[in-house]
Amino acid sequence: MTGASGGVGTRLRELLPAIYPDLVLSDLTPPANLSSKENFRQADLADLASVEAICEGVDGILHFGGFSVEGPWDTILQANIIGTYNLFEAARKKGVKRVVFASSNHTMGFYPRHSRIGTDVTARPDSRYGVSKVFGEAVGALYADKHGLSVTCVRIGNFGDQPLDQRRLSIWLKPEDLVQLCRIGLEHPDIHFEVLYGASYNERAWWDNSRAYELGYRPIGRAEDHRAHAMAEQAKMPADPVADFYQGGAFCSLEFDADQNSVWAPE
Ligand SMILES: NC(=O)c1ccc[n+]([C@@H]2O[C@H](COP(=O)([O-])OP(=O)(O)OC[C@H]3O[C@@H](n4cnc5c(N)ncnc54)[C@H](O)[C@@H]3O)[C@@H](O)[C@H]2O)c1
């Protein structure tokens with residue numbers, strides 16, 4: 001598991017060892033509370049030789065490492081574009097059979113909130129970060145089709161113990177539900193190349209996640225159970241016409257200088 005020291009990785013370090021006792025962790029720096037029972041291999045994803053070294057003897061990869069928000073082009077380029085390419089190339093060279101790639105809702109951020117989308121629509125990234133995740137999905141498809149890796153891209157909504165505002169009532173992903181999606185990616189016999197949404201059972205969902213359900217996904221998180229808290233938090237936030245219109249939220253209004261009256265908005 002790359003990104004082991006990050007927010008998702010830290011939580012999954014609690015949940016995964018019971019399922020995968022031989023879990024190997026990787027990141028730029030070790031998790032602060034690394035225990036003697038854990039197996040950590042340091043690597044910068046931007047360095048192919050280091051990534052090859054961490055792939056040695058590995059059956060499957062959960063790829064959570066990378067720059068996880070909008071950032072300067074060179075930062076995104078190194079961590080997410082070069083880093084994700086290196087990850088797949090190292091996996092191929094070392095005979096890794098399966099990769100689960102942490103994609104993002106920001107690949108689709110410029111779809112308006114009133115549209116419901118599946119995984120068969122054109123990408124509408126809302127940031128350089130979102131572009132890098134579209135790239136990652138494309139590299140995953142290439143390595144599945146050309147080299148026979150089993151690849152699952154999970155377009156994570158927002159990972160956490162509860163949805164924190166109105167937008168996140170639509171896109172929330174409970175940690176235990178991400179574990180289910182990781183298990184599908186690592187274990188399901190029918191995986192060639194899949195794109196799934198990383199969302200719990202959210203009644204306000206904007207996404208058709210039927211493929212995940214076909215593969216056995218049964219999320220236990222229900223966003224509406226946290227509605228009161230999320231809406232109370234939302235009430236404290238200032239209105240943002242661009243962010244509030246699009247699925248990607250604040251990533252859409254960041255650096256936005258198009259004409260708001262002629263924004264792209266399919267029915
Ligand atoms: N948290 C979410 O809700 C969410 C939503 C959508 C997608 N994602 C994706 O899931 C993954 C994990 O998210 P997170 O919230 O834990 O992010 P995070 O920023 O907390 O953790 C990312 C980790 O990647 C590591 N990293 C960054 N650059 C690296 C490099 N060059 N080499 C090696 N490691 C590097 C960082 O050190 C960090 O520990 C990310 O890829 C993120 O884009 C997360």
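An account of the accompanying structure is given in this report.

In this section: the overall build of the protein chain. Per the secondary structure count, the protein chain includes 10 helices and 8 strands. Computed over its C-alpha atoms, the radius of gyration of the protein chain comes to 18 Å, within 12% of the 18 Å expected for a compact globule of 267 residues. For the C-alpha atoms alone, the extent of the protein chain along its principal axes is close to 50 × 35 × 35 Å. Relative to its full complement of 267 residues, the protein chain shows a buried share of 49%. A separation of at least 24 residues holds for 67% of the contacts in the protein chain among residues at least 6 apart in sequence. Summed over all atoms, the accessible surface of the protein chain reaches about 12300 Å², with 52% contributed by carbon and sulfur. If the 26 positive side-chain charges of the protein chain are averaged to one point and the 35 negative ones to another, these points end up 4 Å apart.

Let us look at the site of the ligand. The local shell around the ligand holds 24 residues, among which Gly 7, Val 8, Asp 27, Ser 68 and Tyr 129 are the closest. Within the backbone of Leu 45, an N or O atom sits 2.9 Å from a nitrogen atom of the ligand. Phe 64 has a polar backbone atom sitting 3.2 Å from an oxygen atom of the ligand. When residues of the shell around the ligand are traced back to their parent elements, those giving at least two are helix H1 (7-15), strand E4 (98-104), helix H4 (128-147) and strand E6 (158-159). Element by element, the count of residues in the shell around the ligand is highest for E4, at 3 residues. Residues that form the shell around the ligand fall into these classes: 10 nonpolar, 11 polar and 3 charged.

Before going further, it helps to spend a moment on the packing of helix H3 (residues 73-94) against H4. Taken N-terminus to C-terminus, the directions of H3 and H4 make an angle of 15 degrees; their axes are 10 Å apart at the nearest point. By the angle between their axes, H3 is roughly parallel relative to H4. Considering the relative orientation of H3 and H4, their crossing is right-handed. The residues of H4 that touch H3, namely those facing Trp 73, Ile 76, Asn 80, Ile 81, Thr 84, Tyr 85, Phe 88, Glu 89 and Arg 92, are Arg 128, Tyr 129, Ser 132, Phe 135, Gly 136, Val 139, Gly 140, Tyr 143 and His 147. When the residues that make up the contact of H3 with H4 are grouped by side-chain class, the tally is 9 nonpolar, 6 polar and 3 charged.

This next bit is on unusual backbone geometry. For Glu 255, which is not glycine, the phi torsion reads 65 degrees and is therefore positive. Tracing the backbone shows Glu 255 in the segment after helix H10 (250-253). Given a relative accessible area of 56%, Glu 255 falls into the exposed group.

Once that is clear, we can look at the packing of aromatic side chains. What the rule picks out here adds up to 8 aromatic pairs. Measuring from centroid to centroid gives 5.9 Å for Phe 88 and Tyr 143, while their planes differ by 35 degrees, and the two rings are tilted. Of this pair, Phe 88 sits in helix H3 while Tyr 143 sits in helix H4, placing them 55 residues apart in sequence. On the basis of relative accessibility, which here comes to 0%, the residue Phe 88 falls in the buried class. Seen in terms of ring centroids, Phe 245 and Tyr 246 are 4.9 Å apart; in terms of plane orientation they differ by 85 degrees. Their pairing is edge-to-face. The class for Tyr 246 is buried, based on a relative accessible area of 2%. Joined through ring pairs, the aromatic side chains of Phe 110, Phe 245, Tyr 246 and Phe 256 make up one cluster.

Core analysis: the largest hydrophobic core is formed by 27 residues, its most contacted members being Met 1, Leu 12, Leu 16, Leu 62, Phe 64, Leu 178 and Leu 181. Filtering out sequence-adjacent residues up to four positions away, Leu 181 remains in contact with Val 154, Leu 173, Leu 196, Tyr 197, Gly 198, Ala 212 and Tyr 217. Within the second largest apolar cluster, 21 residues are counted, among which are Ala 43, Cys 55, Val 99 and Val 139.

Now for the packing of H1 against helix H6 (residues 175-187). In contact at an axis separation of 10 Å, H1 and H6 are set at 80 degrees when each is read in the N-to-C sense. One element, H1, and the other, H6, form an angle in the roughly perpendicular class. Residue-level contacts link Val 8, Arg 11, Leu 12 and Leu 15 of H1 to Pro 175, Glu 176, Leu 178, Val 179 and Cys 182 of H6. Partitioning the contact of H1 with H6 into residue classes produces 7 nonpolar, no polar and 2 charged.

Every buried residue of H1 is accounted for by Gly 9, Arg 11, Leu 12 and Arg 13. Next to the buried residues of H1 lie strand E1 (24-27), E6 and H6.

How each quantity is defined
- Going along each chain's sequence as written, the residues are numbered from 1 onward.
- Thresholds applied to this predicted model are a pLDDT of at least 70 for local features of residues and 80 or more for the giving and counting of side-chain atom pairs; totals over whole chains, interfaces and linings are not thresholded and use all residues.
- Excluding hydrogens and water, the side-chain values take into account all heavy atoms of the structure.
- We count a stretch as a helix when DSSP gives it H or I for four or more residues in a row; a strand needs E for two or more, and each element gets its number in order from the N terminus.
- Within these notes, the globule rule equals 2.2 Å times the number of residues to the 0.38 power, and the radius of gyration is based on C-alpha atoms.
- Any residue under 20% of the maximum accessible area for its type is buried, any over 50% is exposed, and the rest in between are partly exposed; the area is computed with a 1.4 Å probe on protein chains only.
- Residue contacts are defined here by distance: any two heavy atoms, one from each residue, within 4.5 Å place the two residues in contact.
- Each accessible area is a Shrake-Rupley result for a 1.4 Å probe, and residues are judged covered by the shown protein chains and nothing else.
- His is not counted here, nor are the chain ends, while Lys and Arg score as positive and Asp and Glu score as negative.
- The atom standing in for a charge is NZ when the residue is Lys, CZ when it is Arg, CG when it is Asp and CD when it is Glu.
- We call a residue near a given molecule or strand whenever any one of its heavy atoms falls within 4 Å of it.
- Definition of a polar contact: a pair of N or O atoms within 3.5 Å, with one able to donate and the other able to accept a hydrogen when the atoms are protein atoms, and with sequence-neighbouring residues admitted only if both atoms are side-chain atoms.
- As a working rule, the residues Ala, Val, Leu, Ile, Met, Phe, Trp, Tyr, Cys and Pro are called nonpolar, Asp, Glu, Lys and Arg charged, and the rest polar, with Gly in that last group.
- The axes are straight lines fitted to the C-alpha atoms, using for helices just the contacting stretch, and the angles between their N-to-C directions are given from 0 to 180°.
- For classification purposes, angles smaller than 35 degrees are called roughly parallel, those larger than 145 roughly antiparallel, those between 65 and 115 roughly perpendicular, and all remaining angles oblique.
- By definition, turning the near helix anticlockwise from the far helix through less than a right angle yields a left-handed crossing, and turning it clockwise yields a right-handed one.
- Only Phe, Tyr and Trp rings are paired, with Trp represented by its six-membered ring, and only when their centres lie within 6.5 Å; those with planes under 30 degrees apart are stacked, over 60 edge-to-face, the remainder tilted.
- Nonpolar cores are built from buried Ala, Val, Leu, Ile, Met, Phe, Trp, Tyr and Cys residues. Side-chain atoms within 4.5 Å join them into one set.

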